[in-house]
Amino acid sequence: NRPVRTDRTLKSMPHMRHRGLLALKFGLTIGILFYIVTVIPVDQVIQFVRTARVWYVIMALVIVVPALYVSACRLKILTDTQGMSLSFSQIAQINFITYFYGLLLPGYLPASAVRWYKFSLLDGKRVEAFAAIAFSRLHFMIFVVVLGIVFSILDQSHAQQNVVTLSLLAFLLCLCVMHFI
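These numbers come from a predicted model, not from an experiment.

**Points about the overall build of the protein**
No. 1: If you tally the helices and strands in the protein, you get 8 helices and 0 strands.
No. 2: Element order for the protein, N to C, with α for helix and β for strand: α-α-α-α-α-α-α-α.
No. 3: Across the 181 residues of the protein, 18% fall into the buried class.
No. 4: Across the protein, every contact between residues at least 6 apart in sequence was considered, and the portion connecting residues at least 24 apart equals 52%.

Encoded structure:
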């Protein structure tokens, strides 16, 4: 006499589903890490890390913490604009998690997908979460392009390319002005 599983009994076992998802996530992470370790020669990575200048590593860490804070602030503003009710600490926590995933997985797409999933899970607003993340990525891309243009202008060894660079910067500034008008 085996009990028949109904929707009611399945709903009473959410911890089983949670454990299954957690095991799946853990297995996927281990699988990806194993693949990375088998493809990339670990001894060469260790040699490369040993050649790093400690002062530069410390400076990078000092810069990363405010950058993560600014990123969380930007996402908080964007999620508030989208009508989402996420707290700053939730957003910062999700950012730390997704930046960790971003270190392990190639590209920004997997980390952005994890961020979208976590935001959607907490607030239930999938479209709004997608819009906030897309706008955040757009802001970051514009920042990187403008920063690249500024450093290109500051580089005097390529003076003939500065005309093209200044033209591109003027075009971007026009787009920004048109956006705010």
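**Some remarks on the packing of helix α4 (residues 54–81) against helix α7 (residues 126–154)**
No. 1: With their axes 9 Å apart at the nearest point, α4 and α7 run at an angle of 135° to one another. Classified by the angle their axes make, α4 and α7 are oblique. For α4 against α7, the interelement crossing comes out right-handed. Mapping the contact onto sequence places R74, L75, L78 and T79 in α4 and A132, I133, F135, S136, H139 and F140 in α7.

**Observations concerning the pattern of salt bridges**
No. 1: Using the criterion set out here, one finds 1 salt bridge in the structure.
No. 2: Two residues, K76 and D80, come together in a salt bridge whose shortest N-O distance is 2.9 Å. Taken as a pair, K76 and D80 lie in helix α4 at a separation of 4 residues, close to a single helical turn.

**A short note on the packing of helix α6 (residues 109–123) against α7**
No. 1: Put simply, α6 and α7 touch, their axes get as near as 9 Å, and they point 140° apart. By the angle class used here, α6 and α7 are oblique. For the element pair α6 and α7, the recorded crossing hand is right-handed. Along the contact surface, α6 presents S112, R115, W116, F119 and S120, while α7 presents R126, A129, F130, I133 and R137.
No. 2: Grouping the amino acids of the contact of α6 with α7 by side-chain chemistry returns 5 nonpolar, 2 polar and 3 charged.

**What about the confidence of the model for the protein?**
No. 1: With 77% of its residues at a pLDDT of at least 70, the protein reaches an overall mean of 76.
No. 2: When mean pLDDT is compared element by element in the protein, α4 scores highest at 85, while helix α1 (residues 7–11) scores lowest at 53.

**Details of the packing of aromatic side chains**
No. 1: Applying the stated criterion across every chain yields a total of 1 aromatic pair.
No. 2: In this structure, R115 packs its charged tip against the face of Y99, placed 5.5 Å from the ring centre.

**Topic: a nonpolar patch on the surface**
No. 1: On the surface, Y35, V39, I40, V45, F48 and V49 cluster together to form a nonpolar patch covering roughly 620 Å² of accessible area.
No. 2: Broken down by secondary-structure element, the contributors of at least two residues to the nonpolar patch are α2 (14–39) and α3 (42–50).
No. 3: The element best represented in the nonpolar patch is α3, accounting for 3 residues.

Reading the values: the criteria
Residues numbered from 1 in each chain as written. Predicted model: local features only at pLDDT ≥ 70, side-chain atom pairs only at ≥ 80, totals over all residues. Heavy atoms only, no water. Helix = DSSP H or I, 4+ residues; strand = E, 2+ residues; numbered from the N terminus. Buried < 20%, exposed > 50% of the residue type's maximum accessible area, 1.4 Å probe, protein only. Contact = heavy atoms within 4.5 Å. Axes fitted to C-alpha atoms, helices over the stretch in contact; angles between N-to-C directions. Parallel < 35°, antiparallel > 145°, perpendicular 65-115°, else oblique. Left-handed = near helix turned anticlockwise from the far one by under 90°. Salt bridge = Lys/Arg side-chain N within 4 Å of Asp/Glu carboxyl O. Nonpolar A, V, L, I, M, F, W, Y, C, P; charged D, E, K, R; others polar. pLDDT = per-residue confidence, 0-100. Phe/Tyr/Trp six-rings, centres within 6.5 Å; stacked < 30°, edge-to-face > 60°. Lys NZ or Arg CZ within 6 Å of the ring centre and 35° of its normal. Patch = residues over 30% accessible without salt bridge, like charges linked within 9 Å, V, L, I, M, F, W, Y side chains within 5 Å. Areas by Shrake-Rupley, 256 points an atom, 1.4 Å probe, with all protein chains shown as cover.

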